[in-house]
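# A structural walkthrough
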Amino acid sequence: RSSCRPCAHRPAAPRQRSEEQPRLHSCRRLPLSRRPELGPRVVNLTSTLMRIDKAWDGTQMVEASVWAVQISDVPVNMTEAYETRGATRCYRMLQMGLDMPFGYLLASLSEKEPALQSAEPDANRPLPELVYTMFVILAQPIERVNEARMVEISVGIKAGSSRAPVDLKLPTGGYQRVEPDPDDAARLRVWVDLMAPQDATPEELAETDFRSPSAMIDSSDEVIIELSHKADPLCAEDGKPLPKGHTNGKLPIALAEELAYALRQIVHEHIEDKHLSTAYASASETARTASGDCTEHAVLLAAVLRARGIPSRVCHGLVYVEQGGSAIDGQVHVDASGNVDPAGGRLTGQYGWHMWTQALIAGKWIDLDATLHLPFTVGHVLVGTSSMADKDAHNNHMQMAALIGNLEITVHDVSHSFER
């Protein structure tokens with residue numbers, strides 16, 4: 001950032017540089033055998049000086065230049081603050097702010113000990129629980145959700161949600177069908193029916209991104225390919241052996257479905273360390289670490305599906321969790337007697353933000369959730385989908401971010417009958 005040295009004294013015109021300087025220095029040191037789908041990819045970063053202000057440098061308040069930052073393909077308003085004096089002026093970032101649709105996030109430079117102390121429980125300063133406060137609370141739980149075939153709900157924007165989109169849009173896809181709500185023009189009526197997968201559009205059927213490796217869904221990785229073939233014995237055990245050496249996706253429908261469900265089971269069991277601390281790992285990284293949350297499950301399942309020739313995409317949306325349930329797997333944590341102790345003495349249902357996978361089989365999108373102990377349930381609300389191709393990996397998730405903390409859901413009907 002040597003070009004920004006005058007910034008401490010006078011406003012400068014907007015400037016542009018690629019992410020390679022200096023953030024991608026490590027990229028130039030990677031071996032030549034790096035797979036082409038992993039990049040690097042040049043992006044445009046524009047920083048505009050806003051003002052000279054004070055910022056915390058980890059030990060004291062110092063003078064800082066505050067910049068508005070925009071990165072191509074990342075539709076989030078950001079600010080960065082840099083110290084203006086000393087050898088690292090204009091290079092040492094003191095603060096970064098992200099104006100997200102659900103609120104403003106501010107990260108400040110800190111020494112290690114104060115940062116760790118700030119995370120310690122303090123009765124005088126309760127820590128915010130971001131995961132659970134973003135849940136969508138229902139008036140009452142969905143009865144036997146894991147055994148249900150169909151659920152009908154209405155979804156709308158909370159009154160007074162100034163950061164939410166004006167027009168709510170949810171996709172039809174997988175087991176989800178969406179129509180305008182007949183009782184409220186501002187809401188949507190949503191049906192999730194496990195016996196009625198939706199047809200893929202002609203554009204989706206022709207889209208090569210659902211079949212190709214990307215930086216996140218790096219399905220050409222050797223560990224991914226090896227993991228994907230662990231599904232073959234499961235198929236054979238169920239009496240549906242796959243053709244030897246199969247990799248191209250040209251299977252009868254019954255065998256393709258069997259393979260997809262077997263791959264879901266493989267991913268569910270492979271990720272043994274299920275936690276929320278992984279920051280969106282690629283499929284190949286997750287295959288090696290065997291750890292992560294719903295995002296890692298979704299991305300890894302999409303990768304092993306593509307490795308076996310089944311087109312796939314990642315879904316983001318909501319999953320039903322009963323009060324006391326895990327934010328990772330949706331299952332209720334109970335006491336030794338098998339009872340949930342709800343707060344306030346009343347059990348409620350809720351939807352938490354989640355990711356899963358869809359496989360394209362016989363022209364239809366089939367929902368598969370590798371995080372849950374079941375392949376899929378009606379307790380999902382699809383907000384958007386992504387091929388996770390490098391060109392749209394960021395944008396496809398911004399619709400979800402815009403709805404976090406701004407939705408309300410009403411349950412109208414639940415069916416447990418699997419008779420047509």
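The following paragraphs examine the structure supplied in this document. (Residues numbered from 1 in each chain as written. Predicted model: local features only at pLDDT ≥ 70, side-chain atom pairs only at ≥ 80, totals over all residues. Heavy atoms only, no water.)

### A few points about the packing of aromatic side chains
This model, assessed by the stated rule, comprises four aromatic pairs. Measuring from ring centre to ring centre gives 5.7 Å for Tyr175 and Phe376, while their planes differ by 40°; the resulting arrangement is tilted. Taken together, the positions of Tyr175 in the loop between strand 8 (150–157) and strand 9 (176–180) and Phe376 in the loop between strand 15 (364–368) and strand 16 (380–386) put the pair 201 residues apart, joining distant regions of the chain. Of the two residues, Tyr175 and Phe376, both sit in the buried class. Ring geometry for Phe210 versus Trp365: centroids 5.1 Å apart, planes at 80°, classification edge-to-face. Here Trp365 lies in strand 15 and Phe210 lies in the loop between helix 3 (202–206) and helix 4 (222–228), a separation of 155 residues in the sequence. Ring-pair connections join several aromatic residues into one group, and the members of that group are Tyr175, Trp356 and Phe376. (Phe/Tyr/Trp six-rings, centres within 6.5 Å; stacked < 30°, edge-to-face > 60°. Helix = DSSP H or I, 4+ residues; strand = E, 2+ residues; numbered from the N terminus. Buried < 20%, exposed > 50% of the residue type's maximum accessible area, 1.4 Å probe, protein only.)

### Considering the nonpolar core
Counting 70 residues, the largest nonpolar core has Leu170, Leu300, Tyr351, Trp353 and Ile409 as the members making the most contacts within it. When residues of this core are assigned to their parent elements, the largest contribution, ten residues, is made by helix 8 (residues 294–307). In terms of nonpolar packing, the next biggest core, distinct from the first, is built from eleven residues, Leu45, Trp67, Ile71 and Val76 among them. (Core = buried A, V, L, I, M, F, W, Y, C linked by side-chain atoms within 4.5 Å.)

### Details of helix 6 (residues 253–270)
Counted at 1.5 Å a residue, the expected span for helix 6 with its 18 residues is 26 Å, and the 25 Å between its end C-alpha atoms agrees. Within helix 6, burial applies to Leu255, Ala256, Glu258, Leu259, Ala260, Ala262, Leu263, Arg264, Ile266, Val267, His268 and His270. (Expected span 1.5 Å × (residues − 1).)

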